[in-house]
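# Descriptive analysis of the structure
Listed below are the residues making up each chain.
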Amino acid sequence: MKILLASSEVHPYSKTGGLADMIGALGKAFAQAGHQVGIVTPLYRGIVERFPGIRRLNWRIDLPLATWREQAELWALEPARGLTIYFIHKPKYFDRGSLYHEHGKDYHDNSERFIFFSKCVAHLARYQPWRPELIHVNDWQTGLVPALILHQSRKEGWGNPPRTCLTIHNLAYQGIFPRSAYALLNLPGDYFHPEGAEYFGKLNCLKAGIVYADVLTTVSPRYAREITTEEFGCGLDGVLRKRKLPVQGILNGVDYDEWNTSENPHLKHMYSINDLAGKATNKLALQEELGLPAKPDVPLFGTITRLAEQKGMEIEMGALEEMLQTDMQFILLGSGDHGYERAFQKMAVRFPDKVAVRTGYDQGLSHRIEAGCDFYIMPSKFEPCGLNQMYSLRYGTIPIVRTTGGLDDTVVDATEDPLRATGIKFVEFTSTALAKAIRKAKVIYGNPHLLRHYQRNGMATDFSWDRTVTAYLKAYRQID
Ligand code: ADP
């Protein structure tokens, strides 16, 4: 099949979260399975320096935006056979310090930046000589692409246009802008009404995708069910329930070429399911790296996250307050909300022998935390899929998760199946429930036989991309 993926972030070129991992890995997996794949993404600051193989194509983009026109260049890279990454080079929009916001504030022109980007995606979909059959867009940043394609096929002579698929990676981010932003689309009013892109008088980019995409997916089966309820629907549950083809939950896969413990440039010591000795040495190295006392017998807990309310930071801090009175260590790598950053840093000052906190974004350290910790804490309020719990499983680090979204779909608790148990789950979104789960972890830690049982089960789980690729192809082919 000929597939064009569109995303505002793609690993290894740009990343703020799981979306980037998913698109990078899905593109690679499609190409490996013999499909022809393109990925369109913005050329952010620093990418050209890190990937000198990128070249400028002889293709100039010149598109209308409200009452004026904007130009961009098209750059490309072919990291693998059958896979081309198309970069939209538009310094005015993308040569910035960050992807979406700076100093805690969204860029004021995000609607303009991503509507222009969406127009570039539709333009490439239409004029690429290899004529993609399917355009797969992701989240609000490319949510308007299906409407643009639909309009061009209805009114602007685009015969036999490609089908469209939208994946929702997080329903909480919808790209809502003042009504005036709709003019940037140069579409007639036909798409701006309560059954279309309008949301209480404003433009809602994600809603436009939900309404106009042929197929709709999200990143885990449980999240697919949750978002059609009022509790998790973020105001769009009604729109989701109305769709003819219901939203399908397809679990993200893990790129095990990158996330493994046997061949990994970020780790000092390699290990595997049959020989876990290297995990213990990674733990000591991690304690040293972060300035904690190097103690092999103290249970070490870790979290790597965006510091946002969604991730359950409040209840994590509450549970740690209680549990840090006991023998344990905790490491946090996170970036985001400054209030949380400061609160965790204060905790590290109060418990210098027990808590280490690193703020900022550090891919290498994230691998070392996954490898060196005994337990991984992920207490999200909601979690569309979640990747770190899956990485933890492969790294022999037992995940402690709340029963929501993809966390519930990927971890097995002993109460569900003691023989296949891979982690610890808790239900209530409270510090008390999480503290209880941490106490259970400490019991497991005190029983080496049980600890190995969990680690082996976890390391044997397989979330590789073959299954995900098959599920997406099936979803694409559902379109009549
Ligand atoms: P989300 O997309 O909601 O942030 P996911 O669990 O789906 O959550 O994906 C998060 C991804 O971002 C994981 O690969 C995780 O390791 C990575 N990540 C998050 N914060 C950091 C950080 N501060 N440093 C390095 N990697 C991070």
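If you're wondering where the values come from, they're calculated on a predicted model, not measured in any experiment.

Turning next to the sheet that holds strand β20 (residues 424–426). The strands that make up a sheet pair up through hydrogen bonds in the backbone, lying either parallel or antiparallel. If you walk across this open sheet you meet the six strands as β17-β16-β15-β18-β19-β20, and the pairing is parallel. Looking along the sheet, the strands with just one partner apiece sit at the ends: β17 (355–359) and β20. Each strand axis lies, on average, 15° off the axis of its neighbour in the sheet, ignoring direction. Where strand β15 (residues 300–307) and strand β16 (residues 329–336) come together, eight bridges link them in parallel fashion. Bridge pairing links Leu307 to Gly336 in β16. Relative to β15, helix α10 (residues 313–323) is tilted by about 155°, and along the sheet it contacts β15, β16, β18 (375–378) and β20. Where helix α12 (residues 363–372) meets the sheet, its contacts fall on β15, β16, β17 and β18, and the angle it forms with β15 comes to roughly 145°.

Moving on, we get to the site of the ligand. Looking at the ligand, there are 19 residues lining it, with Gly18, Asp21, Arg306, Lys311 and Gly360 nearest. Taking Lys15, its side chain carries an N or O atom lying 2.9 Å from an oxygen atom of the ligand. At 3.0 Å, a backbone N or O of Leu387 approaches an oxygen atom of the ligand. Contributing elements (two or more residues each) for the shell around the ligand: α1 (18–32), β15, β16 and α13 (388–394). By residue number, the principal contributor to the shell around the ligand is β15, which donates three residues.

On to the pattern of salt bridges, then. Between side chains of opposite charge, a pair can form when the charged atoms approach closely. Counted under the stated rule, the structure contains 22 salt bridges. Asp408 serves as the salt-bridge partner of Arg222, at 2.6 Å between the closest nitrogen and oxygen. Of this pair, Arg222 sits in helix α7 (residues 221–226) while Asp408 is found in helix α14 (residues 405–410), placing the two residues 186 residues apart along the sequence. Here Glu321 and Arg350 are joined by a salt bridge, their closest N and O atoms 3.0 Å apart. Placement of the pair is Glu321 in helix α10 and Arg350 in helix α11 (residues 338–350), with a sequence separation of 29 residues. Salt bridges here are not isolated pairs; linked through shared partners, they connect Arg222, Glu226, Asp408, Glu416 and Lys425.

With that settled, consider the environment of His101. Looking at the element boundaries, His101 is found in strand β6 (residues 101–102). Put simply, His101 and Leu19 are 82 residues apart on the chain and 17 Å apart in space, counted from C-alpha to C-alpha. Residues contacting His101, with those up to four places away along its chain left out, are Asp106 and Tyr107.

For helix α15 (residues 431–445), spanning 15 residues, the distance from its first C-alpha to its last is 21 Å, which sits close to the expected 21 Å at 1.5 Å a residue. All buried positions along α15 are accounted for by Ala433, Leu434, Ala435, Ala437, Ile438, Ala441, Ile444 and Tyr445.

Our focus in this paragraph is unusual backbone geometry. Backbone torsion omega between His11 and Pro12 reads 10°, so that peptide bond is classified as cis. Assignment of secondary structure puts Pro12 in the loop between β1 (2–6) and α1. A positive phi angle is found at Ala66, which is not glycine, with a value near 55°. Note that Ala66 resides in the loop between β3 (55–65) and β4 (68–80). Ala66 sits in the partly exposed class, given a relative accessible area of 23%.

Basis of the calculations
Residues numbered from 1 in each chain as written. Predicted model: local features only at pLDDT ≥ 70, side-chain atom pairs only at ≥ 80, totals over all residues. Heavy atoms only, no water. Pairing = 2+ DSSP bridges. Helix = DSSP H or I, 4+ residues; strand = E, 2+ residues; numbered from the N terminus. Axes fitted to C-alpha atoms, helices over the stretch in contact; angles between N-to-C directions. Contact = heavy atoms within 4.5 Å. Near = heavy atom within 4 Å. Polar contact = N/O pair within 3.5 Å; in protein donor to acceptor, adjacent residues only side chain to side chain. Salt bridge = Lys/Arg side-chain N within 4 Å of Asp/Glu carboxyl O. Expected span 1.5 Å × (residues − 1). Buried < 20%, exposed > 50% of the residue type's maximum accessible area, 1.4 Å probe, protein only.

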